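Now for the letters of each chain:
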Amino acid sequence: ESALELVRKKPYDVALLDFKMPGMDGLTLYREIRKLRSETVSLIVTAYASSETQAAARDAGAFEILSKPVDFSQLFPLVEQAINQPLILVIDDDQALCETLWDLFRERGYRVAWAYDGQIAKDRLTEKDFQVVLIDMKLPKGNGSSVLLQVKQSNPDANTILITGYRTEMEAQIQNALTEGANAVCYKPFDVPQLLKTVEDLSQQKEK
């Protein structure tokens, strides 16, 4: 509970979590952290490593599981690797889609934050520097164009991808947003290889 209170107050890049703790175990804790800060990468440490424990950790989205006593020569490079993963923000009010994109991008070595409306997006953008921001063009508490402006103000170096399932209806707004500096547009339902290639290309541009 004290860990969750800390996470509510500020974002953390990495959480090093003991598997067995009083009350809430490490995987349950990570699932709660993920709801609050999906971009936090978790490393689970345990003296009870087994194939079942490792499978449960993977299913929960943990980055790695380490046996106790912890080998620090192994731990420190993992922390560095986690921190250096490109950071993506998905702004979409479809929670199920955000979860799906989280899984998709995490499998390919990205850290993924999400926001379900314009206000949450504004808060996230002031907390972190993102390499790539995916922006749904229709949002509660804001729209894609206003969020794009917020990205340009808060994360001016971030590359942006517009996403929408309303291709015809949003055509004018999309073209205007592209003119104002959005880097690309991907339409729902996604062509997944195209989406992944677009994110990869834009994240590499940001790294350069």
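Structure first, text after, so check above.
So, a few notes on the structure that sits alongside this text. Remember, it's a predicted structure, so these values are computed and weren't measured experimentally. Per chain, residue numbering runs from 1 following the sequence as it is written. Only residues with pLDDT of 70 or above have their local features reported here, since the model is predicted, and side-chain atom pairs are shown and tallied only from 80 upward, although totals for entire chains, interfaces and linings are computed over all residues. In computing side-chain values, all of the structure's heavy atoms are included and hydrogens and water are not.

1. Structural notes on the nonpolar core
Here comes step 1: Among the buried residues, those of types Ala, Val, Leu, Ile, Met, Phe, Trp, Tyr and Cys that are joined through side-chain atoms within 4.5 Å form a nonpolar core. Exposure categories follow from relative accessible area, calculated using a 1.4 Å probe and restricted to protein chains: below 20% of the type maximum is buried, above 50% is exposed, and the middle band is partly exposed. In this structure, Phe-105, Leu-134, Ile-161 and Leu-195 are the most contacted members of the largest nonpolar core, which totals 37 residues.
Here comes step 2: If you tally residues by element for this core, the top one is helix α5 (residues 95–106), at 6 residues.
Here comes step 3: Throughout, a residue-residue contact means that at least one pair of heavy atoms, one from each residue, lies within 4.5 Å. Ignoring sequence-local partners within four residues, the contact set of Leu-134 consists of Ile-88, Leu-89, Val-90, Ile-91, Phe-105, Ile-161, Ile-163, Leu-195 and Val-199.
Here comes step 4: Core analysis: the next-biggest nonpolar cluster, separate from the first, contains 21 residues, Leu-89, Ala-115, Ile-135 and Ile-174 among them. The numbering of helices and of strands both runs from the N terminus, where a helix is a DSSP run of H or I of at least 4 residues and a strand a run of E of at least 2.

2. What to know about the sheet that holds strand β2 (residues 41–46)
Here comes step 1: Pairing between two strands is assigned when DSSP locates at least 2 bridges connecting them. Across the sheet, 3 strands lie side by side as β1-β2-β3; this open sheet has parallel pairing. If you trace the sheet from one side to the other, it starts and ends with β1 (14–18) and β3 (64–67), each paired once. In this sheet, neighbouring strand axes are inclined to one another by 25° on average, regardless of whether the strands run parallel or antiparallel.
Here comes step 2: By the bridge criterion, 5 bridges tie β1 to β2 in an arrangement that is parallel. Across the sheet, the residue bridging to Val-14 is Val-41, located in β2. Only the contacting stretch of a helix is used when fitting its axis, a line to C-alpha atoms as for every element, and angles between N-to-C directions run 0 to 180 degrees.

3. Side note on the pattern of salt bridges
Here comes step 1: In what follows, salt bridge is the name for a side-chain nitrogen of Lys or Arg lying within 4 Å of a carboxyl oxygen of Asp or Glu. Going through the model one piece at a time under the given rule, you end up with 15 salt bridges.
Here comes step 2: Glu-99 is paired through a salt bridge with Arg-34; the nearest N and O atoms lie 2.8 Å apart. Of this pair, Glu-99 sits in helix α5 while Arg-34 sits in helix α2 (residues 26–36), and the two are 65 residues apart along the sequence.
Here comes step 3: A relative accessible area of 27% means that Glu-99 is categorised as partly exposed.
Here comes step 4: Close ionic contact of Arg-34 with Asp-103 constitutes a salt bridge, the shortest N to O distance being 3.7 Å. Of the two residues, Arg-34 is situated in helix α2 and Asp-103 in helix α5; the sequence distance between them amounts to 69 residues.
Here comes step 5: Its relative accessible area of 37% is what places Asp-103 among the partly exposed residues.
Here comes step 6: Within the structure, one salt-bridge network assembled from shared partners comprises Asp-13, Arg-111 and Lys-128.

4. Observations concerning the layout of surface pockets
Which parts of space are left empty comes out when a probe the size of a water molecule is rolled across the atoms.
Here comes step 1: Lining residues are defined by having an atom within 4 Å of a point belonging to a cavity or pocket. Those points lie on a 1 Å grid over the protein atoms alone, cavities being sets where a 1.4 Å probe fits but cannot get out and pockets being open sets with protein on both sides within 12 Å along at least five of seven lines. Grid points are joined across faces, edges and corners, and a volume is the space filled by probe spheres set on the points. By volume, the largest pocket amounts to about 220 Å³.
Here comes step 2: Every residue along the wall of the largest pocket is listed here: Arg-58, Asp-59, Gly-61, Ala-62, Phe-63, Gln-85, Trp-102, Asp-103, Arg-106, Glu-107 and Gly-109.
Here comes step 3: For the lining of the largest pocket, the secondary-structure elements that each account for two or more residues are α3 (51–60) and α5.
Here comes step 4: By residue class, the composition of the lining of the largest pocket is 3 nonpolar, 3 polar and 5 charged. Asp, Glu, Lys and Arg are counted as charged, while Ala, Val, Leu, Ile, Met, Phe, Trp, Tyr, Cys and Pro are counted as nonpolar; the rest, among them Gly, fall into the polar class.

5. Section: α5
In an α-helix, one full turn covers 3.6 residues, which means residues spaced three or four apart are oriented alike.
Here comes step 1: A helix is expected to reach a length of 1.5 Å times the quantity of its residues less one. In a regular helix each residue adds 1.5 Å, so 12 residues correspond to 16 Å; α5 covers 16 Å between its end C-alpha atoms and thus fits that length.
Here comes step 2: By the burial criterion, the buried members of α5 are Leu-97, Cys-98, Leu-101, Trp-102, Leu-104, Phe-105 and Arg-106.
Here comes step 3: You can read the cap of α5 off the contacts: a side-chain oxygen lies 3.1 Å from the backbone nitrogen of Ala-96, and it is on Asp-94. Here a polar contact is recorded for every N or O atom pair within 3.5 Å, except that within protein the pair must consist of a potential hydrogen donor and a potential acceptor, and residues adjacent in sequence are included only if both atoms are side-chain atoms.

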